[in-house]
Amino acid sequence: MPKRKDLKSILIIGSGPIIIGQACEFDYSGSQALRSLREDGIETVLINSNPATIMTDPTMADHVYLKPLTTKSILEILKEHPEIDAVLPTMGGQTALNLCIEADEKGIWEDHKVEIIGVDIDAINITEDREKFRELMLKIGIGMAPQATATSFLKGKEIAQEFGFPLVIRASYTLGGAGASIVYKAEDFDELLSRGLEVSPIHEVMIDKALMGWKEYELELLRDKNDNVVIICAIENMDPMGIHTGDSITVAPAMTLSDRTYQRMRDMAIKMMRSIGDFAGGCNVQFAVSPDEKEDIIAIEINPRVSRSSALASKATGYPIAKIASKLAIGYHLDELDNQITKSTSALFEPTLDYVIVKIPRWNFDKFEGSDRTLGLQMKSVGEVMGIGRSFQEALHKATQSLEIKRNGLGADGKGYTDYEQIINKLTIPGWDRVFVIYDAIQLGIPLRRIHDITKIDMWFLKQYEELHLLEKEISQYTIASLPKSLLLEAKQKGFADRQIAHMLDCYESEVYNKRDELNVKRVYKLVDTCAAEFKAMTPYYYSTFEAEYETADGVKKVENDSIVSDKKKIVVLGSGPNRIGQGIEFDYCCVHGVLAAAECGYETIMINCNPETVSTDFDTADKLYFEPVFWEHIYDIIRHEKPEGVIVQLGGQTALKLAEKLDKYGIKIIGTSFKSLDLAEDRGSFSTLLMENNIPFPQFGVAETADEALELADTLDFPLLVRPSYVLGGQGMKIVINKQELEAHVVDLLRKIPNNKLLLDHYLDGAIEAEADAICDGTDVYIIGIMEHIEPCGIHSGDSNATLPPFNLGEFVMQQIKDHTKKIALALNTVGLINIQFAIKDDMVYIIEANPRASRTVPFIAKAYKEPYVNYATKVMLGEKKVKDFKFNPQLEGFAIKQPVFSFNKFPNVNKNLGPEMKSTGESILFIDSLKDDEFYNLYSRRKMYLSK
């Protein structure tokens with residue numbers, strides 16, 4: 001059946017601000033859905049309150065409403081658009097589903113004759129209500145863990161008495177495992193049961209017998225109206241049951257599952273999807289499998305929507321799940337749609353992988369002092385990376401190299417643990433670094449059987465680790481001169497970085513690189529093609545690997561390379577890597593716009609990134625996508641292969657910026673602001689000298705490289721002092737100290753964590769107002785795109801402040817100083833492209849806090865508020881295609897736009913919630929108000945000093 005003719009206008013509900021448990025994977029799925037529906041000539045109306053995403057870009061939907069995700073907003077939209085025929089709530093995570101249910105219960109959809117597509121309300125209710133779900137599974141003969149529902153404290157106690165410990169408590173209708181916990185001891189039960197009941201919006205928990213040590217799997221399904229079902233991907237969790245899938249290391253395809261059990265699991269998943277309702281769309285099913293010969297299968301849960309894993313599965317297979325799910329929701333059948341990668345086969349097929357993918361989560365525990373860092377049923381990671389390789393070992397190494405946590409991969413970097421007790425403890429209590437600790441344990445000689453008994457990680461994975469360790473041992477016996485080509489090739493095929501091999505051989509990374517060059521051990525690029533090269537892929541989506549040479553009939557030695565270099569002029573855009581606090585989805589927004597602008601200027605665009613959740617790694621965003629770590633060795637090889645005109649670093653946040661020095665050193669052109677200028681702004685001392693030369697005021701300061709120097713400086717500067725390291729992100733390590741004792745402790749701690757760093761100590765302007773400006777500069781002219789005033793006082797990180805655009809109480813005299821300083825600094829730094837400058841205002845005097853000559857967190861917010869494509873303009877300036885005066889700027893904003901930070905403190909109940917110079921928010925929303933008399937503004941302003949920590 002082709003597309004339904006009666007659906008002319010569809011409302012899509014987004015997922016709102018980014019929080020732990022619901023990140024930019026829904027920006028990706030929502031963006032795909034919008035594009036998919038518009039392809040079919042359907043009018044799209046979007047509601048989402050997140051200004052930092054591509055999804056809310058005016059080019060994405062016919063009507064974008066940046067409004068709070070409430071039924072009140074839904075009613076306003078339906079009154080404005082009586083033509084809306086249907087709502088698609090499966091693309092915005094749990095937030096969208098919950099809002100859809102609330103609107104349904106209030107009769108809103110019925111009153112406005114709006115049909116729900118892509119899912120049934122009954123399906124949502126069955127899957128969210130753990131008791132109903134259990135009853136249904138038993139009815140259709142699907143095994144479940146022994147479990148019972150409690151809606152009161154007393155009932156919970158009775159169930160615990162019956163089952164015995166360990167137990168699992170899961171709260172109903174929550175996201176990212178909120179309220180869930182494993183209870184090992186009776187004395188912990190009361191508190192955890194109370195928390196689960198409190199967190200659940202319907203005050204209900206499911207208590208199950210814990211399946212500790214069982215293996216965990218996920219399947220991604222799609223179904224059409226004809227009841228055709230395809231399984232897009234089987235994902236295996238390397239971590240056993242007991243760790244939330246969002247916090248687990250996951251692998252696709254499944255590695256340790258027998259074919260017989262996989263077929264049983266497929267049949268169960270399809271049966272489950274069919275049983276929960278008659279709808280067309282996507283579904284995610286999770287199973288536990290017993291770790292013995294019997295391989296018993298038990299269902300854990302089913303989500304009738306695209307999930308976090310759907311984004312991963314889409315990137316892993318090249319099959320765009322959200323795009324196809326949207327088509328199915330409007331009536332298409334799978335056999336009527338094209339496979340998006342080959343363009344010559346139908347979408348009614350199951351992808352086959354001739355490579356392995358490994359996903360590793362990225363945590364930010366350092367931002368939540370005092371937080372419980374153990375991993376469990378409640379998700380705590382803020383982002384994730386994915387590595388693609390020809391083997392599990394290569395993919396695992398690439399994923400660890402993508403994390404940006406100062407590790408070069410597994411082991412071989414001198415940063416492993418060597419203390420037996422510490423290693424055993426870290427294996428026993430799962431933490432963020434267990435992926436590395438397993439390697440350390442093997443290196444220390446702890447037997448695999450013992451590691452397996454402690455962690456319950458399948459022996460197959462542990463043996464893969466052991467092989468890596470044995471290879472490291474073997475290589476370490478050679479020198480760079482004597483290392484045989486066969487061993488070097490094996491090390492590269494198993495994912496070891498040049499830096500790691502250099503560590504094993506005790507030589508420089510460049511020597512290993514040169515040796516590889518000399519022996520022709522070079523990276524080749526392979527296509528992600530969904531069908532194991534059975535059909536020709538039309539989509540340039542690549543990963544790198546190493547292959548042995550073969551000899552052709554005419555005696556030529558070569559290796560196969562799928563990435564054919566064109567003769568067009570090219571631009572590389574460096575992505576921002578994994579999401580984390582201080583560097584989130586807003587930089588992905590900037591990268592995507594940079595790619596599109598470069599394409600408009602006639603360049604072939606090349607994207608390098610390793611974040612599976614984002615739009616930048618969609619296979620049709622750039623002309624070529626390299627799904628690779630944003631890690632020097634990988635980038636340099638791609639650049640040598642593609643020979644671009646230059647590289648754009650100022651759109652990918654600190655990740656891309658950190659690589660500017662290497663690019664400059666190797667003579668690769670940086671597009672826009674030069675490395676020298678970028679470095680000058682990052683180096684706190686040099687930047688302050690530049691301000692002095694330009695007569696621009698800044699707080700009294702001094703630079704220290706040791707604790708002694710810092711204490712000496714404190715004699716000349718007045719407390720309170722703000723201590724700031726150079727070259728950091730999201731205010732990392734910044735702190736306000738009020739006496740010498742605090743100063744010494746903090747400086748010692750900082751220099752231990754970030755050795756050889758220059759620390760800037762400046763007098764903290766107590767009670768000052770903070771403001772910031774973003775501007776575009778072409779080296780001659782400067783255009784200020786927006787000036788924002790923070791509602792909170794100076795001392796709270798700009799990412800954690802509520803901020804208004806335009807400012808609400810800065811006089812003309814102050815505004816003029818801000819404009820003058822911005823222009824002066826942008827020109828003094830020879831900025832070409834974007835720049836963000838932060839100010840402190842005290843007694844009508846404007847002081848400079850810092851300047852960043854790159855895209856900032858606030859650029860997407862300003863672009864959305866003023867309805868102007870500023871990143872597009874800035875990219876054209878960087879490329880030298882346009883000058884500032886070539887644009888007709890026409891910002892449109894009535895009243896004020898307020899950027900509101902969103903925090904995920906509920907994941908860390910015991911953490912200090914005070915705000916300070918180090919950023920803690922995970923996302924943001926945008927609020928439009930007509931005037932300062934608005935109640936929302938009044939509430940924000942009255943609470944502005946509530947969380948300030950000194």
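Residues numbered from 1 in each chain as written. Predicted model: local features only at pLDDT ≥ 70, side-chain atom pairs only at ≥ 80, totals over all residues. Heavy atoms only, no water.

J.: Run through the overall build of the chain, naming residues and quoting values.
T.: The helix and strand tally for the chain stands at 31 helices and 35 strands. Against the globule reference of 30 Å for 950 residues, the chain gives a C-alpha radius of gyration of 28 Å, in line with a compact fold. Projected onto its principal axes, the C-alpha positions of the chain cover 75 × 75 × 60 Å. When the 950 residues of the chain are sorted by exposure, 65% land in the buried category. Sequence separation of at least 24 residues holds for 70% of the intrachain contacts in the chain that already meet a minimum separation of 6. For the chain, the exposed surface amounts to about 34500 Å²; the carbon and sulfur share of it is 49%. (Helix = DSSP H or I, 4+ residues; strand = E, 2+ residues; numbered from the N terminus. Rg over C-alpha atoms; globule rule 2.2 N^0.38 Å. Buried < 20%, exposed > 50% of the residue type's maximum accessible area, 1.4 Å probe, protein only. Contact = heavy atoms within 4.5 Å. Areas by Shrake-Rupley, 256 points an atom, 1.4 Å probe, with all protein chains shown as cover.)

J.: Hey, could you go over the sheet that holds strand 16 (residues 383-389) for me, with residue numbers and the actual values?
T.: Spatially, the seven strands line up as an open sheet ordered 14-13-10-11-12-15-16, and their pairing is antiparallel. Each of the sheet's edge strands pairs with one partner strand only, and the pair in question is strand 14 (297-303) and strand 16. Adjacent strand axes in the sheet meet at a mean angle of 25°, parallel and antiparallel pairs treated alike. (Pairing = 2+ DSSP bridges. Axes fitted to C-alpha atoms, helices over the stretch in contact; angles between N-to-C directions.)

J.: If you had to explain the pairing of strand 34 (residues 896-902) to someone new, which residues and values would you point to?
T.: The buried count for strand 34 comes to seven of seven residues, which makes it a mostly enclosed element. The two faces of strand 34 match: Phe896, Ile898, Gln900 and Val902 on one face and Ala897, Lys899 and Pro901 on the other face are all buried. Taken together, the three bridges between strand 31 (residues 803-805) and strand 34 define a ladder with antiparallel strand orientation. When the sheet's bridge partners are listed, Thr804 is paired in strand 34 with Ile898. In the sheet, strand 34 pairs with strand 35 (residues 923-929) via seven bridges, with the strands oriented antiparallel. When the bridges of strand 35 are listed, Val902 appears paired with Gly923.

J.: Describe unusual backbone geometry, and please don't skip the residues or the numbers.
T.: Residues other than glycine predominantly adopt negative phi, and peptide bonds predominantly adopt the trans conformation. Geometrically, the link from Ala252 to Pro253 is a cis peptide bond, its omega value of -5° lying close to zero. Residue Pro720 follows Phe719 across a cis peptide bond; omega there is -5°. Secondary-structure assignment places Pro720 in the loop between helix 26 (707-716) and strand 26 (721-725). Look at Asn520: it is not a glycine, yet its phi comes out positive at around 60°. Along the chain, Asn520 falls in the loop between helix 19 (509-519) and strand 17 (524-527). Asn520 gets classed as partly exposed once you look at its relative accessible area, which sits at 36%. Even without being glycine, Asn695 reaches a positive phi, approximately 55°. Assignment of secondary structure puts Asn695 in the loop between helix 25 (684-693) and strand 25 (701-704).

J.: Lay out the pairing of strand 29 (residues 769-777) with the relevant residues and their values.
T.: Strand 29 sits mainly inside the fold: eight of its nine residues count as buried. Relative to strand 30 (residues 782-793), strand 29 runs antiparallel, the two sharing eight bridges. Within the sheet, the bridge partner assigned to Ala773 lies in strand 30 and is Ile787. Alignment of strand 29 against strand 32 (residues 833-842), held across nine bridges, turns out to be antiparallel. Looking across to strand 32, one finds that Ala773 is bridged to Ile837.

J.: Outline the sheet that holds strand 24 (residues 646-648), supporting the account with residue identities and numerical values.
T.: Two pairing modes exist for strands in a sheet, parallel and antiparallel, and in both the strands are linked by backbone hydrogen bonds. Taken together, the six strands give an open sheet; going across it, the order is 17-18-23-22-21-24, and neighbouring strands pair in mixed fashion. Each of the sheet's edge strands pairs with one partner strand only, and the pair in question is strand 17 and strand 24. The sheet shows a mean angle of 30° between the axes of neighbouring strands, direction not considered. Bridging between strand 21 (residues 570-574) and strand 22 (residues 604-609) involves five bridges; their strand directions are parallel. Along strand 22, the bridge assignment pairs Ile571 with Thr605. Strand contacts of helix 20 (residues 585-600): strand 21 and strand 22, with the helix running at about 160° to strand 22, the strand carrying the most contacts.

J.: Give me the lowdown on the side chain of Ser181, citing residues and values where you can.
T.: Relative to the elements of secondary structure, Ser181 occurs in strand 8 (residues 181-183). For Ser181, a relative accessible area of 11% corresponds to the buried category.

J.: Go over the packing of aromatic side chains, please, and point to the residues and values.
T.: The way to describe two aromatic rings as a pair is by their centre distance and the angle between their planes. Counting across every chain of the model gives 27 aromatic pairs. Pairing Tyr525 with Tyr626 gives two aromatic rings, centres 5.1 Å apart and planes at 75°, and the pair type is edge-to-face. Here the residue Tyr525 occupies a position in strand 17, and Tyr626 occupies one in strand 23 (residues 624-627), the gap between them amounting to 101 residues. No difference in accessibility class separates Tyr525 from Tyr626, as the two residues are buried. Taken together, Phe365, Phe368, Phe903, Phe905 and Phe908 form an aromatic cluster joined through their ring pairs. Just above the ring of Phe631 sits the side chain of Arg499; from NZ or CZ to the centre is 4.7 Å. (Phe/Tyr/Trp six-rings, centres within 6.5 Å; stacked < 30°, edge-to-face > 60°. Lys NZ or Arg CZ within 6 Å of the ring centre and 35° of its normal.)

J.: Provide a residue-level description of the packing of helix 24 (residues 675-682) against helix 25, including the pertinent values.
T.: Two numbers describe how helix 24 lies on helix 25: the axes approach to 5 Å, and their chain directions differ by 95°. Between helix 24 and helix 25, the interaxial angle falls into the category roughly perpendicular. Of helix 25, the residues touching helix 24 (which contributes Leu680, Ala681 and Glu682) are Arg684, Ser686, Phe687 and Leu690. Here the residues of the contact of helix 24 with helix 25 sort into four nonpolar, one polar and two charged. (Parallel < 35°, antiparallel > 145°, perpendicular 65-115°, else oblique. Nonpolar A, V, L, I, M, F, W, Y, C, P; charged D, E, K, R; others polar.)

J.: So, a negative patch on the surface: which residues are in play, and what are the values?
T.: A contiguous patch of negative charge, built from Asp104, Glu105, Glu110, Asp111 and Asp122, is present on the exposed surface. Among the secondary structure elements, those contributing two or more residues to the negative patch are helix 3 (93-105) and helix 4 (108-111). Its location among the elements puts Glu105 in helix 3. The exposure class of Glu105 is exposed, given its relative accessible area of 63%. (Patch = residues over 30% accessible without salt bridge, like charges linked within 9 Å, V, L, I, M, F, W, Y side chains within 5 Å. Salt bridge = Lys/Arg side-chain N within 4 Å of Asp/Glu carboxyl O. Lys, Arg positive; Asp, Glu negative; His and termini not counted. Charge placed at Lys NZ, Arg CZ, Asp CG, Glu CD.)

J.: Provide a residue-level description of helix 17 (residues 485-493), including the pertinent values.
T.: For helix 17, the complete set of buried residues consists of Leu487, Leu488, Leu489, Ala491 and Lys492. Count one or two residues on from helix 17 and you reach Gly495, which has phi positive near 90°.

J.: Explain the pattern of salt bridges to me, and be specific about the residues and the numbers.
T.: For the structure shown, the criterion picks out 52 salt bridges. Notably, a salt bridge pairs Arg4 with Asp6, separated by 2.9 Å at the nearest N-O pair. With a relative accessible area of 16%, Arg4 lands in the buried category. A salt bridge links Lys426 to Asp433, with the shortest nitrogen-to-oxygen separation between them at 3.1 Å. Using a relative accessible area of 22% as the deciding quantity, one classes Lys426 as partly exposed. One network of salt bridges, with partners in common, ties together Lys492, Asp498, Arg516, Arg523, Glu633 and Asp637.

J.: Can you explain helix 18 (residues 498-505)? Please cite residues and give values.
T.: The element helix 18 is extensively covered by neighbouring structure, given that six of its eight residues are classed as buried. Within helix 18, the full set of buried residues consists of Asp498, Gln500, Ile501, Ala502, Met504 and Leu505. Directly beyond the C-terminal end of helix 18, a positive phi value near 55° is found at Asp506.

J.: Which residues make up the packing of helix 20 against helix 29 (residues 859-866), and what values go with them?
T.: At their nearest, the axes of helix 20 and helix 29 sit 9 Å apart, and the two run at 70° to each other. Between helix 20 and helix 29, the interaxial angle falls into the category roughly perpendicular. Counted together, Glu586, Tyr589 and Cys590 of helix 20 and Pro860, Ala863 and Lys864 of helix 29 form the full contact between these two elements. Per-class residue counts for the contact of helix 20 with helix 29 are four nonpolar, no polar and two charged.

J.: If you had to explain the side chain of Ser314 to someone new, which residues and values would you point to?
T.: Relative to the helices and strands, Ser314 resides in helix 10 (residues 308-317). Residue Ser314 is classed as buried on the basis of its relative accessible area, which comes to 4%. Polar side-chain contacts of Ser314 include one of 3.1 Å to the backbone nitrogen of Ile321. (Polar contact = N/O pair within 3.5 Å; in protein donor to acceptor, adjacent residues only side chain to side chain.)

J.: Lay out the environment of Ser15 in plain terms, naming residues and giving numbers.
T.: Inspection of the secondary structure puts Ser15 in the loop between strand 1 (9-13) and helix 1 (25-39). Distance in space between the C-alpha atoms of Ser15 and Glu25 is 9.7 Å, their sequence separation being ten residues. Once you skip the residues sitting within four places of it in the chain, Ser15 turns out to touch Gln22, Phe26, Asn48, Leu69, Gly92, Gly93 and Thr95.

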